Amino acid sequence: MGFFDDTISLSAPPEGRVEATAKVTGSGKYSAEYEVASLCHAVLVGSTIPAGIIKSINVGNARQVEGVIDVITHLNRPMVPAFADEAKIKEARFGLPVFHTDKIYFKGQPIAMVIAETLEDATYAASLITAEYAADQFNVDFEKSYKNAELKTAGKDRGTADSWAETPSVVEAEYTIKNEVHNPMEMHATIAHWTAENELKMFDKNQGVNNVQRMFAKLYNIPAEKIHVVSEFVGGGFGSGLRVWPHCLAAVIGAKAVKRPVKLVLTRPQMFTLVGYRPESWQKVKIGADNSGKFTGILHQARHATCVYDNFNEGITRIARLVYNFANLRTESATVPLNLSMPTWMRGPGDCTGDFAIESAIDELSYKLNIDPVQLRLQNLALEKDPDSGKKWSTNFVDECIKLAAEKIQWQNRKAAIGAISDGDWKTGYGMAVGMWNAGRSNASAGIKMLKDGSITVQTAMTDIGTGTGTAMQNIAKDATGISKEKIRIELGNSNLPPAPSQGGSTGLSSISGAVAAAVNALKMKLAGFAAAENDTYKNVVGADIILSDNGISYKTTNQQFVPYSVIWEKNNLQVLEVEASSAPGDERKQLAFCSSAAHFCMVKVNTKTGKIKIEKMVCAADGGTIVNEKAAANQISGAVVGGIGMALMEEQLIDPKLGTAIGNDLAGYHFAVNADAPIVEVIFVNKPDVNSNPSGSKGLGEVGIIGAAAAIANAIYNAIGKRLRDLPITPDKVLMG
Ligand code: MOS
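If you're wondering where the values come from, they're calculated on a predicted model, not measured in any experiment.

(A) View of the side chain of arginine 321. Structurally, the position occupied by arginine 321 is in the loop between β14 (295-307) and β15 (328-338). Here threonine 331 takes part through its side chain, which lies 2.6 Å from a polar atom of the side chain of arginine 321. Dropping the residues within four chain positions of it, arginine 321 is found in contact with Ala154, Gly155, Lys156, Arg158, Leu329, Thr331, Asp386, Pro387 and Asp388.

(B) Summary view of the nonpolar core. Ranked by internal contacts, the top residues of the largest apolar core, which has 92 residues, are Ile287, Phe295, Phe601, Leu649, Ile713, Ile717 and Ile730. Ranked by the residues each element gives to this core, the list is headed by helix α17 (residues 709-721), at 10 residues. Those residues in contact with isoleucine 287 that sit more than four places away from it in its chain are Trp164, Ser169, Val170, Val171, Phe295, Gly297, Ile298, Phe326, Ala361, Ile362 and Leu365. Grouped together as the second largest cluster of nonpolar side chains are 68 residues, Tyr146, Val209, Phe312 and Leu340 included.

(C) Here's a closer look at the domain arrangement of the chain. Partitioning the chain into domains gives domain 1 (34-137 + 183-274), domain 2 (281-440 + 590-737) and domain 3 (441-584). If you average the C-alpha positions of domain 1 and of domain 2, the two centres end up 36 Å apart. Taken together, the contact between domain 1 and domain 2 spans 20 residues of the former and 22 residues of the latter. Across the domain 1 to domain 2 interface the summed buried area is about 1,900 Å²; carbon plus sulfur atoms make up 62%. Here domain 1 is connected to domain 2 by 1 salt bridge. As a salt-bridge pair, arginine 93 and aspartate 310 come within 3.0 Å of each other at their nearest N and O atoms. Joining domain 1 to domain 2, the criterion identifies 5 residue pairs in polar contact (both at pLDDT 80 or more).

(D) The arrangement of helix α7 (residues 246-258) in detail. The terminal C-alpha atoms of α7, which comprises 13 residues, lie 18 Å apart, in line with the 18 Å expected from a rise of 1.5 Å per residue. Counting buried residues along α7, 11 of its 13 residues qualify, which places the element largely inside the surrounding structure. All buried positions along α7 are accounted for by Pro246, His247, Cys248, Leu249, Ala250, Ala251, Val252, Ile253, Gly254, Ala255 and Val258.

(E) Representation of the pattern of salt bridges in the model. According to the stated counting rule, one finds 32 salt bridges in the structure shown. Measuring nitrogen to oxygen at the nearest pair gives 3.0 Å for the salt bridge that ties aspartate 351 to arginine 318. Here aspartate 351 is found in helix α9 (residues 351-369), whereas its partner arginine 318 is found in the loop between β14 and β15, with 33 residues between them in sequence. Taking the relative accessible area as the measure of exposure, arginine 318 reaches 30% and is therefore partly exposed. Here aspartate 425 makes a salt bridge to lysine 609, at a shortest N to O gap of 3.3 Å. Separated by 184 residues along the polypeptide, aspartate 425 in the loop between β17 (421-423) and β18 (426-438) and lysine 609 in the loop between β27 (595-607) and β28 (613-623) bring together distant segments of the chain. Within the structure, one salt-bridge network assembled from shared partners comprises Asp363, Glu364, Arg724 and Arg726.

(F) Seen up close, unusual backbone geometry. Cis geometry marks the peptide bond from leucine 728 to proline 729, where omega comes out at 0°. Phi is positive for lysine 556, close to 65°, though the residue is something other than glycine. Checked against the element boundaries, lysine 556 lands in the loop between β23 (552-555) and β24 (563-564). Phi angles above zero are rare outside glycine, and asparagine 559 is one such case at about 75°.

(G) Broad picture of helix α11 (residues 398-409). The terminal C-alpha atoms of α11 lie 17 Å apart, and with 12 residues this matches the ideal 16 Å at 1.5 Å per residue to within 8%. Three or more residues of α11 are buried, namely Val398, Asp399, Cys401, Ile402, Ala405, Ala406 and Ile409. Down the axis, α11 shows its buried residues gathered within 155° of arc, on one side only. Positive backbone phi, approximately 60°, marks glutamine 410, located one or two places after α11.

(H) Up close: the packing of aromatic side chains. Under the counting rule described, the total for this entry stands at 19 aromatic pairs. When the centroid spacing of 5.6 Å and the interplanar angle of 25° are considered together, the rings of phenylalanine 142 and tyrosine 146 count as stacked. The buried category is assigned to phenylalanine 142, whose relative accessible area is 2%. The class for tyrosine 146 is buried, based on a relative accessible area of 9%. Ring geometry for phenylalanine 295 and tyrosine 324: centres 5.4 Å apart, planes at 70°, overall edge-to-face. Pair noted here: phenylalanine 295 is in strand β14 and tyrosine 324 is in the loop between β14 and β15, with a separation of 29 residues, a long-range link. Site record: aromatic cluster; members linked through ring pairs are Tyr105, Phe106 and Tyr309. Across from the ring centre of tryptophan 194, 3.8 Å away, lies the NZ or CZ of lysine 256, which sits over that ring. Over the aromatic face of tyrosine 718 sits the side chain of arginine 724, whose NZ or CZ is 4.0 Å from the ring centroid.

How each quantity is defined
The numbering scheme is per chain: residues are counted from 1 as the chain's sequence reads. With the structure being a predicted model, the display of local features is reserved for residues of pLDDT at least 70 and the display and counting of side-chain atom pairs for 80 or more, all residues being used for whole-chain, interface and lining totals. Side-chain measures were taken over the full set of non-hydrogen atoms in the model, leaving aside hydrogen atoms and water. Numbering of helices and strands runs from the N terminus, with a helix taken as a DSSP run of H or I at least four residues long and a strand as a DSSP run of E at least two residues long. Pairs of N or O atoms within 3.5 Å make up the polar contacts considered here, provided that, within protein, one atom can donate a hydrogen while the other can accept it, and that residues adjacent in sequence are counted only when both atoms are side-chain atoms. Residue contacts follow a heavy-atom distance rule, with two residues in contact if any of their heavy atoms lie within 4.5 Å. By nonpolar core we mean a set of buried residues, namely Ala, Val, Leu, Ile, Met, Phe, Trp, Tyr and Cys, connected to one another through side-chain atoms within 4.5 Å. Only protein chains enter the accessibility calculation, which uses a 1.4 Å probe; a residue is then buried when its area is under 20% of its type maximum, exposed when over 50%, and partly exposed in between. Segmentation of the chain into domains, including their bounds, is taken from an automatic or database domain assignment. Here's the idea: put two parts together, see how much 1.4 Å probe accessible area each one loses, and the total over both is what we call buried area. Salt bridges are defined by distance alone: a side-chain nitrogen of Lys or Arg within 4 Å of a carboxyl oxygen of Asp or Glu. Helix span, expected: 1.5 Å multiplied by one less than the number of residues in the helix. Arc definition: directions from the helix axis to the C-beta atoms. Stacked, tilted and edge-to-face pairs are distinguished by plane angle, under 30 degrees for stacked and over 60 for edge-to-face with tilted covering the rest, among Phe, Tyr and Trp rings (Trp via its six-membered ring) whose centres lie within 6.5 Å. A ring is scored as having a charge over it whenever the NZ atom of a lysine or the CZ atom of an arginine sits within 6 Å of its centre and within 35 degrees of its normal.

Right under this line is the structure:
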């Protein structure tokens, strides 16, 4: 017996996206595309220094430009109530109090905003704004600064830190990764509209409309119900939409000032400095094993960049505590404040960074021990219990992931000897690594509206940032009701709909599938209530007894005790039948631990003359519990793996240490993996239900696809050419010199 009485049995159809037509034909609207009467356009002006005080701002020329309605700075902005005094600013936990300070914390920090009739007028006027500053010393140099950040214990020690120092085999090494940026295709954008004195409507690109709603309720001290946030279509996020950023508040401030709706769309360069990034990091891993390959202990230390006006700690050492049995363990971390904007969660946050170091160190250990890396991992996995919480895993199939992926890539073709497979200057290598992610679940609600013709609309406030949440909801609603797919509409991304958590941390489907199951149950019971007037059978039923079809309600088997919807609707004079239900994690989460996992296997070719790396094969086997929609799930994994290729080989947001400026801040200057850099990613799913996770048996998949990918690639490069490259990205120069 599991924890849920509303378990859904799924047919897992490989169906396409519910929103595909809307996206492909352009009828689906992204936040910047809404037409709002008397809309005006805002453009942000960034600071030209990375630290100091604004002495004066010259806005006179900008105000002269035809079409300019207003110019907002810290001198004339309408007050945001939560920023009324310094103490409140910290309390609001917003990050940068945009236009409410004369202090400059990073280069490009918004110091002014032009609002004009057209985007062109606003852009031109913004170019005329200048400021005088009292410049301060600044620091954007992580490499030079990280040592000064004192490491602090992150989590409880296991065993003793030094008991394994004399272990036969020890690897100790340092790992570094540069800043990486999300940069989804769709730029962040907000249309802000004060529709009445204390009523705000926003079309905003984000990963959680209720989160945005709550933040503005706090900032303006108005009830959340007075704030309506729409984010119906989102063109990617990768974590950048999990916070409310300064530009979003700037649009709201602007709309208040000019008493008109204001649209603010970030430019592509602004996307590199105003909506977060994966922070630059340093790590040290010391790991030991006895002669049999049994891990004896690990020390994992990590530091990463943050900003000077707030703190962000992404928990790089968490992954060290999760995957393997280490009798002795110590994890330490620190953040390094720099004159940069605030970093944030980016796909596989923390774990993705930490995993690169640990899985690289384990690979190194495997060569020292002369044990196959697959074997070494298999013999050390913590498959029974989460070693950190001590709770039994509900399900943990990371071993199956490893075996499935090894088979797919034909791991037996790997040679342990370095460079043993070669073709002229090209050396072939194989590498692997594993990834894991806490598979969370939050409270969520869903509603269903049914019409007489048996069509239903399933609704939730949750956004779908491209992951396939809406499609999976349709699959679940179809299998839980019995109503055909064509009759099921999905509505998402609107704070007027039943509340839901942000789509983040790979918890979306786990949270919403329970809510959809609960709403379906509520719908069945409501229909049974009406059907009872026609047929006594329905007087005493439970949801599980009810079967719905396109035309009516039945008892236990299709068409038995059938009552058509038309009869129910006509007799009760119904228009729409509506239900709403919530679901929440419960005791199962107190008793058990939950994880999703992945094994990444990679085959690379490295050219020893040019340093070029070609990824020939990339296989990822993942455990995400029941796979609700295989196409969407495989998209999640292959997209994440391609992100992992970028992380391993290309992505680095460089900052000029002398000027504090982001370098290469456009999609040509910031290199990331494109089609030519990635093979067809072969995705395999374990596809076994975790019946304690939620009624659909699924576990989150968004993050594990990237966690481990970079280490697998670095490990394959080592196998090819014998160079242990510990500084990402692994560009050709490092291959040649490293
Ligand atoms: Mo993901 S970093 O939780 O959007």
